[in-house]
Amino acid sequence: MLRAILLLLGLAMAGAPALAQADLAALRQAAEAGDPDAAFEYGYELTFPESGDPDPVTGRYWLSRAAEAGNPSASYVMGLIHLDGIGTEPDPQAARPFFRQAWEAGDAPAGLMLAEILLYDIDDGEAQARTVLNALLADADVGALARLTLADSLFFPGPDLPADRPRAAELAGEALAMDPDLAEAHYILGIAAMEGIGRPAEPAAALTHWRNGARAGDTYSMLALADALADGAAGDPDPVEAQALYASAAALGDAEADTLARELAAGLSAEEQTEARRRRDAWLAEIGE
């Protein structure tokens, strides 16, 4: 759910400074002499150069040397390389020990990445992920994202752990208050408002949450809002707006939305379909697509 955000956060927080060619030569000499910090900076610059072609193979070698020597930033970047497949094949299993090493050294963003892998890539990892996420809630830098990720686990748990939807809704609300850009929180908060989870049921509030999430490009919120409008869950049905939302989510790559858009369009008049297309274009323009 949040992996793209976390990957960007990780690279931003772990990055080494841009270096001139003479500095690179000095760094290589220091790295070859056994300096783990120099090995990290040299490996990072080779993998993510400010200019010129990257050398991910050599860069990964020096980053791994730095990680083996206990440099937590190098461990973090090695985790990102393996998770996202930067110069190699994506491999969450290979990324996991690097993130754990950085997390155990006190790197909070590494804890978030470790929790994501445990939640979504490792069988029977969800309980461990919740432990890591609970430990991150008080962190000033990643506490909002930790709340939203934990809320996702508690609201939509795997088969072996119980749900705690009231706490999930509370965490999603806290995450959104801490960082209004976490639009994914609106999806959970909309369900909570519609179903009366931890609060009285408020269908109108649910639609507001899903509209806010949809405006930020969250396709889950788009689908939820479209479903509610198609069914008239909070007033008169609005199939034209529902069609526009399904089509917008489909344009953003959601296969389920594409199917729903086609099914709903079959029951609309030609004039309604034209209006739905106009509204779809307006939605996508607002999102920035």
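From a predicted model like this one, the values you see are computed outputs, not experimental measurements.

> Looking at this model, I keep getting lost on the pattern of salt bridges. Mind explaining?
Between side chains of opposite charge, a pair can form as their charged atoms come close. Under the definition given, this model contains 12 salt bridges. As a salt-bridge pair, Glu32 and Arg28 come within 2.9 Å of each other at their nearest N and O atoms. One end of the pair, Glu32, and the other, Arg28, are both in helix α2 (residues 21-32), 4 residues apart, so they sit about a helical turn from each other. Judged by relative accessible area, which is 41%, Arg28 ranks as partly exposed. Each of Asp238, Glu241, Glu275, Arg278 and Arg279 takes part in salt bridges that share partners, so that together they form one network.

> In this structure, what is going on with the packing of aromatic side chains? I would like to understand it.
The relative placement of two aromatic rings is captured by the distance of their centres and the angle of their planes. Scanning all chains against the criterion turns up 8 aromatic pairs. Centroid distance Tyr61 to Trp62: 5.0 Å. Interplanar angle 80°. Geometry classified as edge-to-face. Residue Tyr61 is classed as partly exposed on the basis of its relative accessible area, which comes to 42%. Using a relative accessible area of 7% as the deciding quantity, one classes Trp62 as buried. Note on Tyr187 and Tyr220: the rings are 5.4 Å apart at their centroids and 35° apart in plane angle, and the pair reads as tilted. Here Tyr187 is found in helix α11 (residues 185-195), whereas its partner Tyr220 is found in helix α13 (residues 219-231), with 33 residues between them in sequence.

> What's the story with the nonpolar core in this structure? I'm lost.
A general feature of soluble globular proteins is that nonpolar side chains tend to end up buried together. Ranked by internal contacts, the top residues of the largest apolar core, which has 66 residues, are Phe99, Trp210 and Leu245. Per element, the largest residue contribution to this core is 9 residues, and it comes from helix α7 (residues 108-120).

> Explain the packing of helix α3 (residues 36-47) against helix α4 (residues 56-68) to me, please; I cannot follow it from the model alone.
Angle between the axes and distance between the axes are the two parameters that describe a pair of packed helices. Taken N-terminus to C-terminus, the directions of α3 and α4 make an angle of 155°; their axes are 7 Å apart at the nearest point. The orientation of α3 relative to α4 falls into the category roughly antiparallel. Here α3 and α4 pass one another in a crossing that is left-handed. In contact with Pro36, Ala39, Phe40, Tyr42, Gly43, Tyr44, Leu46 and Thr47 of α3, α4 contributes Pro56, Thr58, Gly59, Arg60, Trp62, Leu63 and Ala66. Class assignment of the residues belonging to the contact of α3 with α4 gives a composition of 10 nonpolar, 4 polar and 1 charged.

> Any chance you could explain α3 here in plain terms?
Residue pairs spaced three or four apart in an α-helix point in one direction, given the helix's 3.6 residues per turn. The end-to-end C-alpha distance of α3 is 16 Å, a good match for the 16 Å that 12 residues give at a rise of 1.5 Å each. A large share of α3 lies buried, amounting to 9 of its 12 residues. Where α3 starts, the residue carrying a side-chain oxygen 3.0 Å from the main-chain nitrogen of Asp37 turns out to be Asp35.

Calculation notes
- Residues numbered from 1 in each chain as written.
- Predicted model: local features only at pLDDT ≥ 70, side-chain atom pairs only at ≥ 80, totals over all residues.
- Heavy atoms only, no water.
- Salt bridge = Lys/Arg side-chain N within 4 Å of Asp/Glu carboxyl O.
- Helix = DSSP H or I, 4+ residues; strand = E, 2+ residues; numbered from the N terminus.
- Buried < 20%, exposed > 50% of the residue type's maximum accessible area, 1.4 Å probe, protein only.
- Phe/Tyr/Trp six-rings, centres within 6.5 Å; stacked < 30°, edge-to-face > 60°.
- Core = buried A, V, L, I, M, F, W, Y, C linked by side-chain atoms within 4.5 Å.
- Axes fitted to C-alpha atoms, helices over the stretch in contact; angles between N-to-C directions.
- Parallel < 35°, antiparallel > 145°, perpendicular 65-115°, else oblique.
- Left-handed = near helix turned anticlockwise from the far one by under 90°.
- Contact = heavy atoms within 4.5 Å.
- Nonpolar A, V, L, I, M, F, W, Y, C, P; charged D, E, K, R; others polar.
- Expected span 1.5 Å × (residues − 1).
- Polar contact = N/O pair within 3.5 Å; in protein donor to acceptor, adjacent residues only side chain to side chain.

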